[in-house]
Amino acid sequence: RIAVGLRVARVLINLRRARKLSGHVRSKLRTTVSQNKRRYKKQGFDLDLTYITSRIIAMATPAFGQHGVYRNDIHVVSRFLSFRHYGCFFVFNLCD
């Protein structure tokens, strides 16, 4: 029983370490993908976007699922817009 308890504790510790490492890897991957573009890194957000004026933001199309690892995740973009520009924003898709 003690051995099982120790195994469970070891697994939990390793999961915690992996979680911290994945955040670091995700940050490095996003920086690599965005290359020399500006990133918005304020108030806990790390998004590939830039303010053209105080009322106009430019960014790539948000990603869903696994693509959100290296591109802007749609849920994070939604949270950002709600936090920074609550009720006062429109989103236009200017892609083909």
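Residues numbered from 1 in each chain as written. Predicted model: local features only at pLDDT ≥ 70, side-chain atom pairs only at ≥ 80, totals over all residues. Heavy atoms only, no water.

1. Observations regarding helix α2 (residues 74-84)
Note the following rule: When a residue's accessible area, from a 1.4 Å probe over protein chains only, is under 20% of the maximum for its type it is buried; when over 50% it is exposed; and in between it is partly exposed. Here a helix means four or more residues in a row that DSSP labels H or I, a strand means two or more in a row labelled E, and each is numbered from the N terminus. By definition, the arc is the one covered by directions from the helix axis to the C-beta atoms. Pairs of residues are marked as contacts when any of their non-hydrogen atoms sit within 4.5 Å.
The set of residues buried in α2 consists of Val77, Phe80 and Leu81. For α2, the angular spread of buried residues about the axis comes to 95°, placing them on one side. Across from the buried face of α2, at angles greater than 90 degrees, the exposed residues are His75 and Phe83. Summarising the contacts, the buried residues of α2 are in contact with β1 (49-53) and β2 (56-59).

2. Section: the pairing of β1
The side chains of a regular strand alternate, first on one face of the sheet and then on the other. What counts, and what does not: Note on pairing: two strands pair once DSSP finds at least 2 bridges between them.
Note that β1 and β2 share four bridges and pair antiparallel. Counterpart to Leu49 in the pairing with β2 is Met59. Where β1 folds back on β2, the antiparallel hairpin that results is connected by two residues.

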